[in-house]
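Spelled out, the chains give:
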Amino acid sequence: MAARGHVQDPNDRRLRPIYDYLDNGNNKMAIQQADKLLKKHKDLHCAKVLKAIGLQRTGKQDEAYALAQEVAALEPTDDNSLQALTILYREMHRPELVTKLYEAAVKKVPNSEEYHSHLFMAYARVGEYKKMQQSISAQDENLSKTMFLPLAERMVEKMVKEDKIEAEAEVELYYMILERLEKYQEALDVVRGKLGEKLTSELQSRENKCMAMYKKLCRWPECNALSRRLLLKKAEGKILAGEVHYSIEQAVKFIEERITEESKSARPLRGPYLAKLELIRRLRCRGCNDEYKLGDPEELMFQYFKKFGDKPCCFTDLKVFVDLLPSSQYTKFISQLLEVIPLSAAAESEVALPADIKALQQHLCVVQLTRLLGIYHAMDKKEKLTAVRELMLRYRHGLEFGKTCLKTELQFSDYYCLLAVHLLLDLWLEEGEETAVWQCLTFLEEGLSHSPSNAQFKLLLIRIYCRLGAFEPVAELYSSLDAKHIQHDTIGYLLTRYAESLGHYAAASQSCNFALRFFHSNQKDTSEYIIQAYKYGAFEKIPEFIAFRNRLNSSLHFAQVRTERMLLDLLLEANISTSLEESIKSMSLSPEEDDIPWKDLRDNRDLTVLFNWDPKDRDISEEHRKLSLEEETVWLRIRSLTLRLVSGLPTLSHAIQPKNSEKTAENGVSSKIDTIRSLLQQLEAAVDSGKKFLEQKIQYPVLGPPPTRMAGFFSNGSCQCQTSLFYLVSDIYELDTNGLEDSAEIQERIGNSFKSLIERLTDLFNKCKGDLIEVRDGTLKTQPNLLENLVFFVETISITLWVSSYCDSVLRPFKSNLQKKKKKKKESSVAMPPVFTHFLDYVTELQTLTSNVIDHIKGLEIILTALKLEELSLKDTLLLQEEKKFTKTVQGKVQSSYHHSVQEIGELLKKRLDTIKKLKI
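A quick note: this is a predicted structure, and the numbers were derived from the prediction, not measured. (Residues numbered from 1 in each chain as written. Predicted model: local features only at pLDDT ≥ 70, side-chain atom pairs only at ≥ 80, totals over all residues. Heavy atoms only, no water.)

### Focus on the overall build of the protein chain
How we decide: Secondary structure elements follow DSSP: runs of H or I of four or more residues count as helices, runs of E of two or more count as strands, with numbering from the N terminus. Throughout this description, buried means an accessible area under 20% of the type-specific maximum (1.4 Å probe, protein chains only), exposed means over 50%, and partly exposed covers the range between. What makes two residues a contact is simply this: any of their non-hydrogen atoms within 4.5 Å. All accessible areas in this document rest on Shrake-Rupley with a 1.4 Å probe, and a residue is counted as covered only by the protein chains that are shown.
Tallying secondary structure elements over the protein chain gives 40 helices and four strands in all. Counting over 921 residues, the protein chain shows a buried share of 51%. Nonlocal contacts in the protein chain, meaning residues at least 24 apart in sequence, comprise 71% of its contacts between residues at least 6 apart. Surface summary for the protein chain: the accessible area is close to 44,000 Å², and the carbon and sulfur share equals 51%.

Spelled out as structure tokens, the structure:
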């Protein structure tokens, strides 16, 4: 702000100290200095705005806004005021106000190119594309040439005819316009003509654009010729970018020539060899019978392995083509590969091990292919355990080759450890082998100690700890992944799905904040990227940035985190540190408003972030993705409606004139209850959708998308409790409107609701009983679902209390009116309506139930503290000394995490119990 060039205007000199104070973060002094200046120069608008910036930065947002609007109303045109207001509005996150500011300035000074430019950028920031177009039309000729993006073909043609196109960006823009108009031939002529010579900033930019246009025009011979030319220039590339109408013989001949040439080069190239396999695959897809001309796929893959088997990429290259092998040949193919690997055993009975890194890479490639072809899956339990032991032996032996590796580098044998863990996961999840999961964690923690930067170890640990209900170690692991930018959207679900549901409320708050910070800054950042692209002529990037911004704004994860964060805040604060009404007001929540773009929701989760060597029939399919998105959307709808229903409670608590529904409809309160009832119907519909979805009993792959909390929500009774609570709200409202005299039926209905609610809450509590962790038959058993049930109990109790507070606010005035009547009539006993007794009984039972749950939680804490896991020796594992150390660590982490969860849940329930004690009408 201080760097404002040479100061000549006396006002600039007067304002200089305020700028300096603001730049140095001394906001109080800036405000004082501005006040001094305004006493002498009342009309110095910029000083007012600078004072507003100081107020904004000291947390006095309302004062700052009022002051800014005072100046904005005067429609200033001086540069100082406009720039200062722009800075203030940006800090307020109100970019739409900048557009109004410059609209007014442009009206007053229509010839200012600078103001037109600022207005254009302001429109770009808020995505007002039509207005950008209009703002340009209003500018002088020179500016429109530099900024006019919409389809302006004639304008650019005129520039071409006048030979005025000089920059590469202008040619790019012309090409973009023609491409969007679907004038592919004209676009091709531009690229191939004289103007195309200017396309130099990207490697092969001209050729790639030609290729794209040939494809659009279906000109396959030219496409083919250009592909050939590019391939001969850069032989590493894969063959034929487009489907080419060409004879098989010529294609085969071309590939053979490449292989012959390649054999003479010093650096072996993979492309020509893979081209053969790719051609066979395509011919099979088309149902051609000419694939025999290219050779036997099994032999080709074998030869490829012999040549490139020591490269880490060999497995990913061959993975694509394993479908070409008949399943009867799998075992033979693997044996054939193993025969060519130089392995040596110290003794006959021992495992043959590689002598160098090359042999290790070759063997690792074969082991990965063995898993991919389903050979490991076909083994029985004993064979799988033997395979696990062998893989871990090979892993530890491979560490010898990585002694000089830096901490940031991965060990050469890490995949052996991962494959062993995958086998153990099969045993745990398919055969219910409880000891296997502890071994998984042990091996992964051991792997991580040797390879601290291995993201796969961390991701797998996160998934397994979460399945065991232990969130504490997960937060640290996720933090060490150092997720950057877009990853908060693609892998953030690993964290946000489990934090709250496992009772780690503080960590849940933090993880939601991480994600939301990214999404909110994206909205600001992408606007800046778009503006920079306009400024520097990178026009082809603008649609990409806009699409990127839209994709993030419609992100499923963004909508989930926003909803869960608000529910969590209410859970932790509403009616504890602030009233429910204040909490809802501070979040700007309204039951009528739904800001989730349901039709455009985008699932940006990366569901393949974990390495996987499973065969196709066990891997994540497109169907799994669709089902997971459907499940997540239904669950999000239930959560969003719950939030909106809760946010509607304070709107009902205003004074209502009884028995006068017409009047209440006029003052808008009646419409509020209509909103609640409409939302309740929508919630019922969403719950029905959820139940129908769960009837399908979908099982996602082990490392596929984690299921939502919906199944637990229905099975433990939380759903029934929460919906009945919102029905109770409707009844209480009716009582409030009709008064106590003629409402015996409503009162009875409310009394029955109270009773059934206590019964349902007691059932929910019964589903929370049991030990989280226990030693059974020498094995450690965990019941993480008990934690999820406890978390649902706390949430349901909180909603119960918010609804009970509403009941309290309705019944209290009734009672005081009755007591006044009693005093007037001087009667010893005025009959109390039954609803008061019902409510008091209900509150007493609620208090007793909550106390019982708190006692149960204390009991869990005592058990977890007393549990001595180090005395436990896991049987059937024959643990090595090294493994025992990691097993102890792992069990300690799970135990500590459970303890932490139970403590946080207990603390929150105690606060809720205090709230119940205040419910005395």
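That covers the picture; the talk isn't over yet.
### Description of the packing of helix α23 (residues 434–450) against helix α40 (residues 881–917)
Let me state the cut-off plainly: An axis is simply a line fitted to the C-alpha atoms; with a helix, the fit covers only the stretch in contact. Between two such axes, the angle follows the N-to-C directions and lies from 0 to 180 degrees. In this scheme, roughly parallel covers angles under 35 degrees and roughly antiparallel covers those over 145, while 65 to 115 is roughly perpendicular and the rest are oblique. Classification used: nonpolar for Ala, Val, Leu, Ile, Met, Phe, Trp, Tyr, Cys and Pro, charged for Asp, Glu, Lys and Arg, polar for all others including Gly.
The N-to-C vectors of α23 and α40 enclose an angle of 110 degrees; their axes lie 8 Å apart at closest approach. As the angle between them shows, α23 and α40 are arranged roughly perpendicular. Seen from α23, the contacting residues are Trp438, Leu441, Thr442, Phe443, Glu445, Glu446, Ser449 and His450; seen from α40, they are Glu882, Glu883, Phe886, Thr887, Val890, Gln891, Lys893 and Val894. For the contact of α23 with α40, a count of residues per class yields six nonpolar, five polar and five charged.

### Details of helix α16 (residues 271–286)
Rules: Any helix carries an expected span of 1.5 Å times its number of residues minus one.
Here α16 is 16 residues long and its end C-alpha atoms lie 22 Å apart, about the 22 Å a rise of 1.5 Å per residue gives. Within α16, burial applies to Gly271, Pro272, Tyr273, Leu274, Ala275, Lys276, Leu277, Glu278, Leu279, Ile280 and Leu283. Along its buried surface, α16 packs onto α15 (248–264), α17 (297–308) and α18 (313–319). Gly287, located one to two residues past α16, shows a positive phi value of around 75 degrees.

### Concerning the side chain of Glu632
This is how it is decided: Within 3.5 Å is the distance limit for a polar contact, defined as a pair of N or O atoms, with the added protein rule that one can donate a hydrogen and the other accept it, and that residues adjacent in sequence qualify only through two side-chain atoms.
Position of Glu632 among the secondary structure elements: in helix α32 (residues 622–652). Looking at Glu632, the relative accessible area reads 8%, which means it is buried. At 3.3 Å, the side chain of Glu632 forms a polar contact with the side chain of Arg605. When neighbours within four sequence positions are excluded, Glu632 is seen to be in contact with Leu556, Gln560, Arg605, Pro706 and Thr708.

### A word on the confidence of the model for the protein chain
Using the following cut-off: Scored between 0 and 100, pLDDT is the confidence that the predictor attaches to each residue.
When pLDDT is averaged along the protein chain, the result is 85; 90% of the residues meet or exceed 70. Taken as a whole, residues 140–151 scores under 50 in pLDDT and shows 27 contacts with residues more than four places along the chain or in a different chain.

### Points about the packing of aromatic side chains
In plain terms, the rule: Two rings from Phe, Tyr or Trp (for Trp, the six-membered ring) form a pair when their centres are within 6.5 Å of each other. A pair whose planes differ by under 30 degrees is stacked, one over 60 is edge-to-face, and the rest are tilted. By definition, being over a ring means that NZ of Lys or CZ of Arg is both within 6 Å of the ring centre and within 35 degrees of the ring normal.
Tallying each qualifying case throughout the model produces 17 aromatic pairs. Taken together, a centroid distance of 5.4 Å and an interplanar angle of 40 degrees make the contact between Tyr529 and Phe545 tilted. Residue Tyr529 is found in helix α28 (residues 505–535), and its partner Phe545 is found in helix α29 (residues 542–553); the two are separated by 16 residues along the sequence. Here Phe545 falls in the partly exposed class, since its relative accessible area comes to 25%. Residues Trp635 and Phe713 carry aromatic rings whose centres are separated by 5.3 Å and whose planes lie at 70 degrees to one another, so their mutual orientation is edge-to-face. Of this pair, Trp635 sits in helix α32 while Phe713 sits in helix α35 (residues 710–715), placing them 78 residues apart in sequence. The same class applies to Trp635 as to Phe713, namely buried. Taken together, the aromatic side chains of Trp635, Phe713, Phe714 and Phe792 make up a single cluster linked through ring pairs. Geometry around Tyr498 places Arg497 over its ring, the cationic atom sitting 4.5 Å from the centre.

### Let's talk about the nonpolar core
Under the convention used in this document: Within this scheme, the nonpolar core is defined by two criteria: the residues are buried Ala, Val, Leu, Ile, Met, Phe, Trp, Tyr or Cys, and they are joined through side-chain atoms within 4.5 Å.
By size, the foremost hydrophobic cluster in this structure holds 193 residues, and its most contacted members are Ile638 and Phe793. The element contributing the most residues to this core is helix α38 (residues 784–825), with 18 residues. Residues within four places of Ile638 in sequence aside, it is in contact with Leu683, Ala686, Val687, Met710, Phe713 and Phe714. Counting residues in hydrophobic clusters, the runner-up holds 37 residues, among them Ile31, Val71, Leu88 and Leu101.

### Observations concerning empty space enclosed by the protein
Left-over empty space is what a probe sized like a water molecule reveals as it rolls over the atoms. Under the convention used in this document: Space inside and on the surface of the protein is sampled on a 1 Å grid over the protein atoms alone, with a cavity defined as a set of points where a 1.4 Å probe fits but cannot get out and a pocket as an open set with protein on both sides within 12 Å along at least 5 of 7 lines; lining residues have an atom within 4 Å of a point. Grid points are joined across faces, edges and corners, and a volume is the space filled by probe spheres set on the points.
All chains considered together, the criterion is met by five cavities of 30 Å³ or more. When its volume is computed, the largest cavity comes out at roughly 320 Å³. Along the walls of the largest cavity sit 22 residues, with Thr496, Arg497, Gln560, Glu564 and Glu632 positioned nearest its centre. Broken down by element, the lining of the largest cavity gets its largest block of residues, five residues, from helix α30 (residues 556–573). Class assignment for the residues of the lining of the largest cavity results in nine nonpolar, six polar and seven charged.

### With respect to α30
An ideal rise of 1.5 Å per residue puts 26 Å on 18 residues; α30 measures up with 26 Å between its terminal C-alpha atoms. With 16 of its 18 residues buried, α30 lies for the most part within the structure. Two residues or fewer past α30, Asn575 is found with a positive phi of approximately 65 degrees.

### Section: the pairing of strand β3 (residues 773–776)
Heads up, the condition is: Paired strands, as defined in this entry, are two strands with at least two bridges between them according to DSSP.
Relative to strand β4 (residues 779–782), β3 runs antiparallel, the two being bridged by four bridges. Following the sheet pairing, Ile773 is matched in β4 by Thr782. Between β3 and the antiparallel strand that follows it, β4, lie two residues; Asp777 among them carries a positive phi value of about 50 degrees.

### Considering the packing of helix α22 (residues 414–431) against helix α24 (residues 455–467)
What counts is decided by this rule: By definition, turning the near helix anticlockwise from the far helix through less than a right angle yields a left-handed crossing, and turning it clockwise yields a right-handed one.
Between α22 and α24, the least distance of the axes is 11 Å, while the angle of their chain directions is 20 degrees. What the angle tells us is that α22 and α24 run roughly parallel. Between α22 and α24 lies a crossing whose hand is left-handed. Mapping the contact onto sequence places Asp414, Cys417, Leu418, Val421, His422, Leu425, Trp428 and Leu429 in α22 and Gln456, Phe457, Leu460, Ile464 and Arg467 in α24. Among the residues making up the contact of α22 with α24, the classes are represented as nine nonpolar, two polar and two charged.

### Digging into a negative patch on the surface
Rule in force here: Any residue with relative accessible area above 30% and no salt bridge may belong to a patch, with like charges joined within 9 Å and the nonpolar Val, Leu, Ile, Met, Phe, Trp and Tyr side chains within 5 Å. Salt bridge, as used here, is a side-chain nitrogen of Lys or Arg placed within 4 Å of a carboxyl oxygen of Asp or Glu. Residues counted as positive are Lys and Arg, residues counted as negative are Asp and Glu, and His and the chain ends are not counted. Where a charge lies is defined by one atom per residue type: Lys uses NZ, Arg uses CZ, Asp uses CG and Glu uses CD.
Residues Glu759, Asp763, Asp841 and Glu845 make up a contiguous surface patch of negative charge. At the level of secondary structure, the elements contributing two or more residues to the negative patch comprise α37 (744–766) and α39 (834–866). Examined against the element boundaries, Asp841 turns out to sit in helix α39.

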